[in-house]
Amino acid sequence: MASHGVSRVEGTKVRSAEVRQKELEQIAAYKELVDLVNTKINERQYTIEVLGLVTKLLNENPEYYTIWNHRRRILGALLDAPLGGDHSPQDFHGRELIDGELSLTFALLRKFPKCYWIWNHRNWILGKGEATFDIDAARELWSGELHLIGKMLHADSRNFHAWSYRREAVAHLERIPIAQPPTNPTPSCPLQSLAESEFEYTTKMVKTNLSNFSAWHNRGKLIPRLLDERGADDTARRHLLDDELSLICEAINTDPFDQSIWYYHQFLMSTLSPECPRQNRIVLTLSNLDRQKYYAHEMKYIQEIIEDESDCKWIYESLLSLSISYLEVDGSTQVFKTADMRSWLAHLKRLDPLRHGRWEELGKTLDI
Amino acid sequence: MDTLDNTEWDVLIVGTGLQQSLLALALSRSGKKILHVDKNDYYGGAEAAFSLQEAEEWAKQVDEDSSIAAFTNISISKPQPTETDASVPSLSFSRAYSLALDPQIIYARSTLLRFLVSSKVYRQLEFLAVGSWWVYSAGAGDSGNTESASQPGQLLKVPNGREDVFQDQVMDFKTKRALMKFLRFITEYEEQAEVWEQHRQQLFTAFLSEQFKVPATLQAPLLALALGTARPSQTTTEFALPRIARHLRSIGVFGAGFGSVIPKWGGMSEITQVACRASAVGGGVYLLGKGLSNSDDDHGLESVIKSDAETKSRTKLRLETGEVVTTQWVIGEGVQSSSRLSKLCKSITIVSSPLTPLFPPIAEEAPAPACAVVVFPSGSLVESKEQMETPPVHIFVHSSDTGECPAGQSILYAFTSLEGNTGFQLLDKAVQTLLSTVEVTPIPTTLWSVRYVQHSVGGSGPLPRSANDHFLHFPPTSMDPAFDDAVLGNVREAWQKIMGDDGGEFLVFQDREPVADDDE
């Protein structure tokens with residue numbers, strides 16, 4: 001299976017007898033380790049030694065999610081266990097454990113950047129860390145996380161796990177108040193929104209690689225919030241929408257064959273629809289006339305591209321979709337004719353024969 | 001050893017240019033007795049690098065001996081500084097400079113790099129990234145039209161791919177579409193033979209406009225990526241397509257945003273030195289300042305002698321010094337008929353500024369670029385449109401990161417295939433235009449420059465012709481601005497003949513001593 005053009009090493013190779021023997025030994029050792037760990041856990045031996053065994057096992061197979069659950073049992077026991085009356089050695093020990101977990105998951109993530117269970121465990125560790133330490137240390141943990149995620153996205157900017165996790169890290173940073181200095185008795189705003197910087201981050205990522213679904217998606221999610229935080233009035237909102245449309249149309253013009261760009265365009269169009277829920281809207285005061293103008297403008301722009309790229313299915317699909325939206329707002333348009341829609345549908349059938357049934361159905365629904 | 005007279009060798013290599021040095025490297029583990037000579041008293045032949053003083057000696061020396069010279073018409077100029085402004089760099093001492101006669105760029109997928117790794121000499125070399133490519137666009141405001149506002153010329157960055165095209169502010173929508181269509185085609189042009197096969201011989205510019213509707217304004221940047229020295233009217237589709245494809249496919253191989261590298265410390269000379277050093281470690285004997293005798297009557301007492309023990313043919317050759325050596329194989333550069341020679345007018349200019357605007361960062365966490373490529377397309381430097389079509393001028397700008405000049409200065413390596421004095425004038429114009437267009441204050445000045453004509457012969461004098469099949473001749477250097485992998489093909493061929501079946505793998509060696517690998 002290839003991921004973003006990076007193929008995984010395939011398993012089936014011709015193996016010599018020695019290699020096969022060695023593998024059998026490795027399998028036996030692994031099974032032994034699994035049995036040992038499971039036994040210890042059953043006996044509730046939540047000790048450092050068993051933690052070591054679990055580490056060994058997870059290094060070989062981080063996908064074995066039950067073992068991660070076991071690990072958390074052990075860690076929970078170690079972190080919560082009272083070490084006698086004095087509090088501080090416990091904190092230090094706790095910090096060491098937490099840092100150890102962060103190192104382990106970091107090392108594993110470099111080899112398996114898409115394994116859900118590693119990310120999950122790291123998330124749990126950070127939560128545990130936050131519960132255990134003070135506010136500054138907690139913020140530091142999550143800032144460190146954001147930094148790590150930045151590096152992972154630099155290595156593979158389309159890793160959607162990393163993007164999803166980024167949203168979580170950002171949400172945590174936004175939730176934890178910034179520790180105020182003792183001299184400031186009335187903090188004006190201890191909470192910090194990262195929407196602006198995150199928005200800029202998505203700009204940077206799409207400029208580096210236009211095909212970044214996750215970056216566009218994140219951008220889309222940020223925009224309504226961004227506008228609310230800026231206290232944007234109607235003019236500012238329309239301005240932002242126009243800027244976004246300009247940006248994405250520039251991208252479409254550069255590469256009409258890229259699906260992620262069209263998806264974002266579709267998203268922007270969806271915010272125009274009267275059915276769009278309030279929290280996803282960009283402009284709040286659209287009239288039907290406004291909508292018509294937007295649809296018509298987009299259709300005109302996209303049609304120009306056909307001059308040079310007449311075999312791009314996304315173009316026709318988009319034109320059809322826009323025309324349908326337009327018709328929902330104004331059934332009696334002069335901007336395009338039924339014949340046009342029929343022609344676009346015909347192109348779609350030609351360029352995307354695998355979905356013939358779908359296009360047929362669409363044609364019947366639209367009655368064209 | 002005191003004298004070479006009457007010594008016996010397996011291989012005599014004449015000249016320490018790139019091809020000969022790579023051959024010496026290839027033979028360095030073979031156990032053969034190798035004598036490697038060069039009539040110059042420096043390594044590198046036509047690929048050498050010079051300090052200022054060495055350049056001055058080179059200029060004098062070669063002028064005296066111009067019959068079969070690789071370099072002619074050499075002249076150095078050192079402008080007198082008008083004011084002593086302490087903040088502006090002045091010419092530094094001689095050894096602060098390492099001026100490369102061969103500042104070729106090496107594309108990422110070049111087999112050269114692979115062989116430097118497999119032969120283990122890569123550890124002694126450092127490579128730096130070639131960053132932005134620029135095309136000069138002459139401003140509006142001809143002498144004929146006094147009404148239009150005179151616009152200064154500008155340097156436009158050549159797009160490396162889709163995202164560069166996306167961010168470009170200058171091209172209009174339709175132009176971007178045309179360019180993108182071409183870029184999509186070129187990344188897999190071999191599989192779309194029907195688009196270009198029948199147009200192989202067609203001029204590339206015509207191919208672009210007919211098949212891709214690429215407007216005239218975009219032809220120059222695309223031609224620039226082909227990195228050819230010929231006039232557009234002599235540049236075919238067949239020539240340009242693979243070269244542009246190579247350029248675009250190389251980007252990202254070593255890191256985001258760049259596709260080629262240059263060796264540190266003076267172009268290909270560093271590679272010749274490292275190769276010769278490896279050969280010396282393997283037992284090769286090196287003698288500089290000694291070439292073959294070239295007196296016609298006895299250049300070599302070329303007698304073929306059969307030794308008693310084996311029937312290997314051996315040749316006797318006389319060196320310039322009168323010493324006579326015997327060797328089984330002789331290899332050097334071949335003599336070329338003058339009709340096959342090509343020439344380039346070249347100049348090297350030391351500039352009083354780091355020319356920072358030419359070296360914007362390549363990409364996040366990419367290495368800092370040490371070389372910028374500036375192309376002056378055909379016609380961009382001439383005033384009148386009635387002049388004949390001129391070839392382009394290329395300038396490779398090297399920053400002080402290359403070690404070729406002190407910090408605060410940079411080196412311009414300019415070349416063009418336009419011949420004669422007009423060629424030199426065109427180079428000057430290009431250099432002056434570049435310095436006045438780059439947005440640097442104060443306007444950079446020239447501290448020192450040399451101009452010369454390079455001919456496509458090697459830098460160590462040709463081997464005499466011979467019917468003896470143990471005389472091997474390397475073909476002339478191609479003077480391609482980008483390293484041509486065919487060079488390695490030539491070296492391999494020669495190595496094959498010398499080694500027969502006993503050679504093992506070409507340029508694949510183990511480390512002589514265990515080396516702690518820092519990368520692991």
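See the structure shown above.
Please read all numbers here as calculations on a predicted model, not as lab measurements.

Draft legend 1. Quick look at helix 8 (residues 216-226) of chain B. Residue and element names in this part refer to chain B. With nine of eleven residues buried, helix 8 is to be regarded as a mostly interior element. At its buried positions, helix 8 is contacted by strand 6 (106-107), strand 7 (127-137), helix 5 (173-186), helix 7 (204-212), helix 9 (237-250) and strand 15 (369-376). Count one or two residues on from helix 8 and you reach Leu227, which has phi positive near 50°.

Draft legend 2. The arrangement of the state of the cysteines in detail. All names here are of chain A. Per the stated rule, a full pass over the model turns up zero disulfides over all chains. You can see Cys249 has no disulfide; the closest cysteine sulfur is in Cys312, sitting 14 Å from it. According to the relative accessible area criterion, Cys249 is buried, its value standing at 5%.

Draft legend 3. Representation of the packing of helix 13 (residues 313-329) of chain A against helix 14 (residues 338-351) of chain A within the structure. Residues and elements named next belong to chain A. The geometry of helix 13 relative to helix 14 is characterised by a closest axis approach of 9 Å and an angle of 145° between their N-to-C directions. In this structure, helix 13 meets helix 14 at a crossing whose hand is left-handed. Between helix 13 and helix 14, the residues in contact are Lys313, Tyr316, Glu317, Leu319, Leu320, Ser323, Ile324 and Leu327 and Met341, Trp344, Leu345, His347, Leu348 and Leu351, respectively. Looking at the contact of helix 13 with helix 14, its residues break down into ten nonpolar, two polar and two charged.

Draft legend 4. Examining the interface of chain A and chain B more closely. The partner chain B presents 15 residues to the 24 residues of chain A that form the contact. A combined buried area of about 1,900 Å² lies between chain A and chain B, and 46% of that area is made up of carbon and sulfur atoms. Contact with chain B buries surface across chain A, with A:Asn253, A:Thr254 and A:Asp308 losing the most and accounting together for 31% of the total. Our count for the chain A to chain B interface comes out at nine salt bridges. A salt bridge links B:Arg184 to A:Asp255; its shortest N-O distance comes to 3.3 Å. Secondary structure elements with two or more residues in the side of chain A that touches chain B: helix 6 (135-155), helix 8 (195-208), helix 10 (234-254) and helix 12 (288-306) of chain A. Here the side of chain A that touches chain B gets five residues from one element, more than from any other, and that element is helix 10 of chain A. Class assignment for the residues of the side of chain A that touches chain B results in eight nonpolar, six polar and ten charged.

Calculation criteria
- Residues numbered from 1 in each chain as written.
- Chains lettered and ligands numbered in written order.
- Predicted model: local features only at pLDDT ≥ 70, side-chain atom pairs only at ≥ 80, totals over all residues.
- Heavy atoms only, no water.
- Buried < 20%, exposed > 50% of the residue type's maximum accessible area, 1.4 Å probe, protein only.
- Helix = DSSP H or I, 4+ residues; strand = E, 2+ residues; numbered from the N terminus.
- Contact = heavy atoms within 4.5 Å.
- Disulfide = S-S within 2.5 Å.
- Axes fitted to C-alpha atoms, helices over the stretch in contact; angles between N-to-C directions.
- Left-handed = near helix turned anticlockwise from the far one by under 90°.
- Nonpolar A, V, L, I, M, F, W, Y, C, P; charged D, E, K, R; others polar.
- Buried area = accessible area lost by both parts, 1.4 Å probe.
- Salt bridge = Lys/Arg side-chain N within 4 Å of Asp/Glu carboxyl O.

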